[in-house]
Amino acid sequence: VVSAFLDEGWHRGEHLLIISKPAHWARISERLERRGCPVTKAITDERLIVLDAATTLARITRFGIVDRQLFLDHIGALVGRLVAESTGVRIYGEMVELLAEEGDLHGAQVLERLWNELSERQPFTLLCGYSAAHFADPHALPALHAICEAHTRVQQHTSDLLGNWLIAREIPT
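Small disclaimer: the values here were computed from a predicted structure and weren't measured.

This part takes up helix H7 (residues 105-121). Its 17 residues place the ends of H7 25 Å apart at the C-alpha level, agreeing with the 24 Å of an ideal helix rising 1.5 Å per residue. Where H7 is concerned, the buried positions are Leu105, Gly107, Ala108, Val110, Leu111, Glu112, Leu114, Trp115 and Leu118.

Below is the structure:
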């Protein structure tokens, strides 16, 4: 899904920004190459920018809390530069995934809101990736629904039985 999303942007002439875990980037880059995207050249030409999700998340947090100004200074400035240089920008991000993995569901929701706020100022297409396992605790269900509602579209894979079940669940009142 991720490589198809990025490859579509590549063929449209868009800049690509990937903020992922290194192991995920290794698989994504391999699949992008197979689809015909010259990953090394794209990185050299700065049409493809790859950031480590943990390092980037550390840069936008202060005392362990996602900070709006740091987000705008680091992510907002980079996205603004990419938007100014291209016909479009596609972003794949896993920082919210890291927050959910750590159990910081409030921080995950804050970061989703910041991405949405940035999208009101800068035109880009964002794809987020999450593991359903981080939301299996019944107390996490409201956060999962809030995160899903923050997106214009939620894509579920039919093989993700846990994710599909969690999204379909009603929030207890």
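Read across the sheet, 4 strands follow the order S2-S1-S5-S6 without closing on themselves; strand pairing throughout is parallel. A single partner strand is all that each edge strand has here, and the edge strands are strand S2 (48-52) and strand S6 (125-128). Geometrically, the sheet is characterised by an average inter-axis angle of 10° between neighbouring strands, direction not taken into account. Relative to strand S5 (residues 89-93), strand S1 (residues 15-20) runs parallel, the two sharing 5 bridges. Note on S5: the bridge partner recorded for Ile18 is Tyr92. Of the strands in this sheet, S1, S5 and S6 touch helix H1 (residues 2-11), which is tilted by about 165° from S5. Sheet strands in contact with helix H2 (residues 22-35) are S1, S2 and S5, and its direction is about 145° off that of S1.

It is worth spelling out the nonpolar core at this point. Membership of the largest hydrophobic core comes to 28 residues, with the highest contact counts inside it found for Ile60, Phe71, Ile75, Met95, Leu111 and Trp115. When residues in this core are grouped by element, the largest group, 8 residues, is from helix H5 (residues 68-85). Other than its neighbours up to four places away in sequence, Phe71 contacts Ile60, Gly76, Leu111, Leu114, Trp115 and Leu118. If you look at the next biggest cluster of nonpolar residues, it comprises 15 residues, including Val2, Leu16, Leu48 and Leu127.

Mapped onto the secondary structure, Gly93 falls in strand S5. A residue is classified by how much of its surface remains accessible, and Gly93, at 11% relative accessible area, is buried. Residues Gly93 and Ser20, spaced 73 residues apart in sequence, show a C-alpha to C-alpha distance of 5.9 Å. Once residues lying within four places of it in the same chain are set aside, the contact partners of Gly93 are Ile19, Leu126, Leu127, Cys128 and Gly129.

The next thing to look at is the pairing of S1. In terms of burial, S1 is a largely internal element, 6 of the 6 residues being buried. What you see with S1 is no split at all: His15, Leu17 and Ile19 on one side and Leu16, Ile18 and Ser20 on the other are buried throughout. With 5 bridges joining them, S1 and S2 adopt parallel strand pairing. Bridge pairing in S2 links Ile19 to Leu51.

Thresholds, definitions, all that
- Each residue is numbered by its place in its chain's sequence as written, counting from 1.
- For this predicted model, a pLDDT threshold of at least 70 governs which residues receive local features, and a threshold of 80 or more governs which side-chain atom pairs are given and counted, while totals over whole chains, interfaces and linings are taken from all residues.
- Excluding hydrogens and water, the side-chain figures rest on all heavy atoms present in the structure.
- A helix here means a DSSP run of H or I that spans at least four residues, while a strand means a run of E at least two residues long, and both kinds are numbered starting from the N terminus.
- Expected helix span is taken as 1.5 Å per residue step, with the number of steps being one fewer than the number of residues.
- A simple rule labels every residue: compare its accessible area, found with a 1.4 Å probe on the protein chains alone, to the largest value its type can have, and call it buried under 20%, exposed over 50%, or partly exposed in between.
- The pairing criterion for strands is at least two bridges between them, as found by DSSP.
- Lines fitted to C-alpha atoms define the axes here, with helix axes fitted over just the stretch in contact, and angles between the N-to-C directions of these axes take values from 0 to 180 degrees.
- The contact rule is simple, with two residues in contact once any of their heavy atoms fall within 4.5 Å.
- Residue types Ala, Val, Leu, Ile, Met, Phe, Trp, Tyr and Cys, when buried and joined through side-chain atoms within 4.5 Å, form a set referred to as a nonpolar core.

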